[in-house]
Amino acid sequence: MTRIPHWLAQHIAALRVVLVLTLLTGLAYPLAMVAAAQVPGLDGASEVTGADGKPAGSSLIGQSFTDAKGNPVKKYFQSRPSNAGTGYDATASGAGNQGPESVVDTKDKPSLLTLVCGRSKVVGDLEGVDGSRPYCTDDGVGAVLGVFYDGGTSGRATQAVSLNQACPAKPFLSSYKGVRVTCAKAGADYSHAVTVPVRGDAPANPVVPADAVTASGSGLDPHISPAYAKLQAPRVARERGAGVTDVRKLISKYTTGRTLGVLGEPGVNVIELNIALDRTYPKQGA
């Protein structure tokens, strides 16, 4: 019996996989979605009604609970940050496209590290907790030095600059490797410096959770972590004139578990939780 050559068998197997995936993702899945969209009432199943009986958006798309100046409304649980347009814009869904190497601010755009540091400081101040994080300065920017060496990238340090702290800000370190640290001067070229993030003495496990300082991939996620919700509970309870224990019970009510029991992490739907707060504890806070 003639055996099929190994290389040909591999190609046949690959073609089979392509055919199966094409049928599943290119035909079966789209048809299933179209069919589901035809079910009466399903298209509006995510609509939610506020405590005043008026439409309050969708339970599937996040919202910002801030005032006209962008400041948090203290009587509400705050959502996680969003990179979708100006915030939770369903027509501009997307991520910030910044990764772990984004640590130095530019003239037009803060680095991801500075965004995280700034958000953590704001949340810490709002909730009355320690908002410090590793690699962050006390004033809420990335703790990153630009170090110049007499050998280019090695040798004796000749200059050290706090890259994300523009003058006249006080550098987060007084000296590095025997050289005085200076603030960054506007328009100066530090592109030839060696970038050195400095960890600092912040706790390894920050009090402010990661979802409080980073956006979701879509920028539309209406959920926050139970940890972030519990961090906000004392402030919301105080603004509402409610007991912290009672507010935490509401958090538990609007907490969902992992999908299929194994995928993702538990989450708290901020929109549904805030609507429940308005119905249960309608006191107007600041």
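Let me sum up the structure you'll find in this document. Since the structure is predicted, the reported quantities are computational estimates derived from the model, not experimental observations.

**With respect to the overall build of the protein chain**
The number of helices and strands found in the protein chain is five helices and ten strands. For a compact globule of 286 residues, the expected C-alpha radius of gyration is about 19 Å, and the protein chain comes in at 25 Å, more than 25% above that figure. Taking the principal axes of the C-alpha coordinates as reference, the protein chain spans close to 80 × 70 × 30 Å. Counting all 286 residues of the protein chain, 35% fall into the buried class.

**Side note on the nonpolar core**
Taken as a class, soluble globular proteins show a tendency for nonpolar side chains to be buried jointly. Phe77, Leu250, Ile251 and Leu273 are the most contacted members of the largest nonpolar core, which has 30 residues in total. Other than its neighbours up to four places away in sequence, Leu273 contacts Phe77, Leu250, Ile251, Tyr254 and Val268. Core analysis: the next-biggest nonpolar cluster, separate from the first, contains eleven residues, Cys117, Phe148, Leu163 and Tyr190 among them.

**Details of helix α4 (residues 244-253)**
Within α4 the residues assigned to the buried category are Val247, Leu250 and Ile251. On an axial view of α4, the arc spanned by its buried residues comes to 105°, and they lie on one face. Facing away from the buried side of α4 by over 90 degrees, the exposed positions are Thr245, Lys249, Ser252 and Lys253.

**Quick look at the side chain of Arg240**
By secondary structure assignment, the location of Arg240 is in helix α3 (residues 226-240). There is a polar contact of 2.9 Å between the side chain of Arg240 and the side chain of Asp278.

**Focus: the packing of α3 against α4**
It is the contact of α3 with α4, at a shortest axis distance of 9 Å, that shows an interaxial angle of 135°. By the angle between their directions, the pair α3 and α4 is classed as oblique. Along this stretch, α3 crosses α4, giving a crossing that reads as right-handed. Here Ala229, Lys230, Ala233, Pro234 and Ala237 of α3 lie close against α4, whose contacting residues are Val244, Val247, Arg248 and Ile251. Here the residues of the contact of α3 with α4 sort into seven nonpolar, no polar and two charged.

**Considering the pattern of salt bridges**
Applying the stated criterion to the full structure yields six salt bridges. The residue Glu127 makes a salt bridge to Arg235 at a minimum N-O spacing of 2.6 Å. Highlighted residues: Glu127 in helix α2 (residues 112-127) and Arg235 in helix α3, separated in sequence by 108 residues. Between Arg258 and Glu265 there is a salt bridge; the shortest N-O distance is 2.9 Å.

**With respect to the sheet that holds strand β5 (residues 175-176)**
As summarised here, the arrangement of the five strands in space is β5-β6-β4-β3-β7, forming an open sheet in which the pairing is mixed. The open sheet terminates on both sides in strands that have one partner only, identified here as β5 and β7 (194-197). Bridge count for β5 against strand β6 (residues 179-184) is two bridges, and the pairing is antiparallel. Bridge pairing links Ser175 to Arg180 in β6.

**Observations regarding α2**
A rise of 1.5 Å per residue sets the reference length of α2, with its 16 residues, at 22 Å; its end C-alpha atoms lie 22 Å apart and thus fit the reference within 8%. Along α2, the positions that sit buried rather than exposed are Leu113, Thr114, Val116, Cys117, Ser120, Val123, Gly124 and Glu127. Contact partners of the buried residues in α2: β3 (144-149), β4 (157-166) and α3. Gly128 lies just past α2 and shows a positive phi near 70°.

**Looking at the state of the cysteines**
Summed over the entire model, instances satisfying the criterion amount to two disulfides. Disulfide pairing places Cys117 opposite Cys136 at an S-S distance of 2.0 Å. Between Cys117 and Cys136, the S-S torsion sits near -80°, and that sign places the bridge as left-handed. Note that Cys117 is positioned in helix α2 and Cys136 in the loop between α2 and β3, a separation of 19 residues in sequence.

**Quick word on the packing of aromatic side chains**
Applying the stated criterion across every chain yields a total of two aromatic pairs. The interplanar angle of 40° and the centroid separation of 5.4 Å between the aromatic rings of Phe65 and Tyr76 together place this pair among those described as tilted. A residue pair is termed long-range when its members are at least 10 positions apart, and Phe65 in the loop between β2 (55-58) and α2 and Tyr76 in the loop between β2 and α2 qualify at eleven residues. Assessed through its relative accessible area of 15%, Tyr76 is described here as buried.

**Observations concerning the sheet that holds strand β9 (residues 255-256)**
Each strand in a sheet pairs with its neighbour through backbone hydrogen bonds, running either in the same direction (parallel) or in the opposite one (antiparallel). With antiparallel pairing, three strands are arranged side by side in an open sheet as β8-β10-β9. Two strands bound the open sheet, and with one partner strand each, they are β8 (223-224) and β9. Both β9 and strand β10 (residues 267-269) contribute to a ladder of two bridges, which runs antiparallel. Following the sheet pairing, Thr255 is matched in β10 by Val268. Sitting on the sheet, helix α5 (residues 270-280) touches β8 and β10, and the angle it makes with β10 is about 50°.

Cut-offs used in this document
Residues numbered from 1 in each chain as written. Predicted model: local features only at pLDDT ≥ 70, side-chain atom pairs only at ≥ 80, totals over all residues. Heavy atoms only, no water. Helix = DSSP H or I, 4+ residues; strand = E, 2+ residues; numbered from the N terminus. Rg over C-alpha atoms; globule rule 2.2 N^0.38 Å. Buried < 20%, exposed > 50% of the residue type's maximum accessible area, 1.4 Å probe, protein only. Core = buried A, V, L, I, M, F, W, Y, C linked by side-chain atoms within 4.5 Å. Contact = heavy atoms within 4.5 Å. Arc of directions from axis to C-beta. Polar contact = N/O pair within 3.5 Å; in protein donor to acceptor, adjacent residues only side chain to side chain. Axes fitted to C-alpha atoms, helices over the stretch in contact; angles between N-to-C directions. Parallel < 35°, antiparallel > 145°, perpendicular 65-115°, else oblique. Left-handed = near helix turned anticlockwise from the far one by under 90°. Nonpolar A, V, L, I, M, F, W, Y, C, P; charged D, E, K, R; others polar. Salt bridge = Lys/Arg side-chain N within 4 Å of Asp/Glu carboxyl O. Pairing = 2+ DSSP bridges. Expected span 1.5 Å × (residues − 1). Disulfide = S-S within 2.5 Å. Phe/Tyr/Trp six-rings, centres within 6.5 Å; stacked < 30°, edge-to-face > 60°.

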